[in-house]
Amino acid sequence: MSIRRIVPNIHVEAEGQWNTSREFYGLLGFEEVMDMGWVTTLASPSNPTAQISLFTEERTAPVVPDLSVEVEDVDAVYAQVVASGAEIVREPRDEEWGVRRFFVRDPNGRVINVLTHRS
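Identification of the chain as VOC family protein from Streptomyces violaceorubidus is taken from an unreviewed UniProt entry.

Below is the structure:
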């Protein structure tokens, strides 16, 4: 399996925290690369795979994931995860913004968003 990037996801509870969080990560050099209103992704201009996402909610799934892992073949990873008996939180689905993804719970209770960008 090939991992392309790992992105920490931060659940921002209140509207005021949204701007404060964006400003804070801007101090560290992150710049906005995607804003869907409910999720914003910030990235390093010099290393675009160094990213962090801020969520006010998750509009397409039951929970905000703790971590996103972009893989080369999401369906192959899904098959392995199912075979292992891990808890699937959300079945695979193609999203309108160009990714295919599913959510799985890790052994520590964290929800992982496993995704790949569709061509």
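**With respect to the nonpolar core**
Membership of the largest hydrophobic core is limited to 10 residues, which are Val-69, Val-71, Val-74, Val-77, Tyr-78, Val-81, Phe-102, Val-104, Ile-112 and Val-114. Among the elements of the structure, strand S5 (67-71), helix H2 (74-84), strand S7 (99-105) and strand S8 (111-117) are those that each provide at least two residues to this core. In terms of residues, this core owes the most to one element, H2, which gives four residues. Formed by six residues, the second largest nonpolar core is a distinct cluster that contains Val-12, Trp-18, Tyr-25 and Leu-54.

**Things to note about the side chain of Thr-60**
Locating Thr-60 in the fold gives a position in the loop between strand S4 (51-55) and S5. On the basis of relative accessibility, which here comes to 19%, the residue Thr-60 falls in the buried class. At 2.5 Å, the side chain of Thr-60 forms a polar contact with the side chain of Arg-101. In this structure, Thr-60 is in contact with Arg-90, Arg-93, Glu-95, Trp-97 and Arg-101, ignoring residues within four places of it in sequence.

**Description of the pattern of salt bridges**
Following the criterion strictly, the structure yields 14 salt bridges and no others. A salt bridge links Glu-58 to Arg-101, with the shortest nitrogen-to-oxygen separation between them at 2.9 Å. With a gap of 43 residues between them, Glu-58 in the loop between S4 and S5 and Arg-101 in strand S7 connect regions that are remote in the sequence. Glu-58 gets classed as buried once you look at its relative accessible area, which sits at 9%. Close ionic contact of Arg-90 with Glu-95 constitutes a salt bridge, the shortest N to O distance being 2.4 Å.

**With respect to the sheet that holds strand S6 (residues 88-94)**
Taking strand neighbours across the sheet as the criterion, the eight strands line up as S2-S3-S4-S1-S5-S8-S7-S6 in an open arrangement whose pairing is mixed. The sheet is open, and its two borders are formed by strand S2 (31-35) and S6, each paired with just one other strand. Taking each pair of neighbouring strands and ignoring which way they run, the sheet shows an average axis angle of 25°. Bridging between S2 and strand S3 (residues 39-43) involves four bridges; their strand directions are antiparallel. Looking at the pairing, Met-34 lines up with Thr-41 of S3. In the packing of H2 onto the sheet, the strands contacted are S5, S6, S7 and S8, and the crossing angle to S7 comes to about 20°.

Reading guide: rules and limits
Residues numbered from 1 in each chain as written. Predicted model: local features only at pLDDT ≥ 70, side-chain atom pairs only at ≥ 80, totals over all residues. Heavy atoms only, no water. Core = buried A, V, L, I, M, F, W, Y, C linked by side-chain atoms within 4.5 Å. Buried < 20%, exposed > 50% of the residue type's maximum accessible area, 1.4 Å probe, protein only. Helix = DSSP H or I, 4+ residues; strand = E, 2+ residues; numbered from the N terminus. Polar contact = N/O pair within 3.5 Å; in protein donor to acceptor, adjacent residues only side chain to side chain. Contact = heavy atoms within 4.5 Å. Salt bridge = Lys/Arg side-chain N within 4 Å of Asp/Glu carboxyl O. Pairing = 2+ DSSP bridges. Axes fitted to C-alpha atoms, helices over the stretch in contact; angles between N-to-C directions.

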